[in-house]
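Residues per chain, in single letters:
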Amino acid sequence: MTDQGNGPGSDPGVGDESAAAERPVAVTLENRLMSHGLYLTAFRWLNDHEPPGADGAGIELEYEVVSEAPVVTSTEVGAVLRTLVTIGDEREWTPGRLEVTSLTTDGDVRGWWYVEREWFRELGSELTQLEFSQRVLTTVTNNRREQDNH
């Protein structure tokens with residue numbers, strides 16, 4: 001997993017690990033996604049001009065999935081979103097644009113999906129959780145054809 005902050009394990013803007021006793025967003029996300037069979041392989045803040053972790057800062061993620069499903073599933077999308085939103089709530093932080101690539105354990109691309117910055121900002125006020133989820137699921141682009149059993 002890569003965290004392209006300002007140094008190993010750094011996540012400026014979200015809090016100093018020693019002072020705030022918080023792990024960087026990338027490390028926290030990686031640790032929590034493992035319980036869902038998702039293994040973070042890359043994490044990058046999208047806007048190098050914004051302090052990483054600032055409210056609305058975008059993220060690019062790549063993860064491997066331990067699954068027989070050849071395509072991105074709503075279960076994995078939900079796990080990533082719930083985990084990221086929970087981390088945001090804990091830190092009083094709202095993620096920005098999220099760009100995600102899903103890989104097999106062999107490193108083959110299963111698909112891609114994204115979340116617009118505005119959708120995170122509107123979640124709970126202008127967008128219900130169901131509307132938010134529906135919007136995100138419409139962004140899923142699979143690299144392989146879906147099979148009958150999916």
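First, a word on scope: everything that follows refers to the structure included in this document. Treat the numbers as computed from the prediction; the structure is a model and nothing was measured. Here the residue index of a chain counts from 1 through its sequence in written order. Thresholds applied to this predicted model are a pLDDT of at least 70 for local features of residues and 80 or more for the giving and counting of side-chain atom pairs; totals over whole chains, interfaces and linings are not thresholded and use all residues. To obtain the side-chain values, all non-hydrogen atoms of the structure were used and water was disregarded.

### A few points about the pattern of salt bridges
Okay, step 1: What makes a salt bridge here is a side-chain nitrogen of Lys or Arg within 4 Å of a carboxyl oxygen of Asp or Glu, nothing more. Across all of its chains, the model carries six salt bridges by this definition.
Okay, step 2: Between Glu99 and Arg97 there is a salt bridge, with the nearest N and O atoms lying 2.8 Å from each other.
Okay, step 3: Note on exposure labels: buried denotes an accessible area under 20% of the residue type's maximum, exposed denotes more than 50%, and partly exposed covers the range between, all computed with a 1.4 Å probe on protein chains only. With relative accessibility at 28%, the residue Glu99 sits in the partly exposed group.
Okay, step 4: Across the salt bridge formed by Glu122 and Arg135, the nearest N and O atoms sit 3.8 Å from each other.

### Let's talk about the side chain of Thr101
Okay, step 1: The helix count covers DSSP runs of H or I at least four residues long, the strand count covers runs of E at least two residues long, and both are numbered beginning at the N terminus. Here Thr101 lies in strand 3 (residues 98-103).
Okay, step 2: On the basis of relative accessibility, which here comes to 15%, the residue Thr101 falls in the buried class.
Okay, step 3: Only heavy atoms enter the contact rule, under which two residues are in contact if any of them lie within 4.5 Å. Among residues more than four places away in sequence, those in contact with Thr101 are Leu61, Glu62, Tyr63, Val109, Gly111 and Trp112.

### With respect to the packing of helix 2 (residues 25-33) against helix 3 (residues 74-91)
Okay, step 1: The interhelical angle for the contact between helix 2 and helix 3, taken along N-to-C directions, is 135°, at an axis separation of 10 Å. Between helix 2 and helix 3, the angle is such that the two are oblique. For the pair helix 2 and helix 3, the sense of crossing is right-handed. Two secondary-structure elements touch here, helix 2 through Val25, Thr28, Leu29, Arg32 and Leu33 and helix 3 through Ala79, Val80, Thr83, Leu84, Thr86, Ile87, Glu90 and Arg91. Angles here are taken between N-to-C directions and fall from 0 to 180 degrees, while the axes themselves are lines fitted to C-alpha atoms, restricted in helices to the stretch in contact. In these notes the angle categories are as follows: under 35 degrees is roughly parallel, over 145 is roughly antiparallel, 65 to 115 is roughly perpendicular, and the rest is oblique. Helix crossings get a hand from a simple test, with the near helix turned counterclockwise from the far one by less than a right angle marking a left-handed crossing and a clockwise turn marking a right-handed one.

### Considering helix 2
Okay, step 1: Within helix 2 the residues assigned to the buried category are Val25, Ala26, Thr28, Leu29 and Leu33. End-on view of helix 2: buried residues confined to an arc of 165°, all on one side of the axis. Think of it as the arc spanned by the lines of direction from the helix axis to the C-beta atoms.

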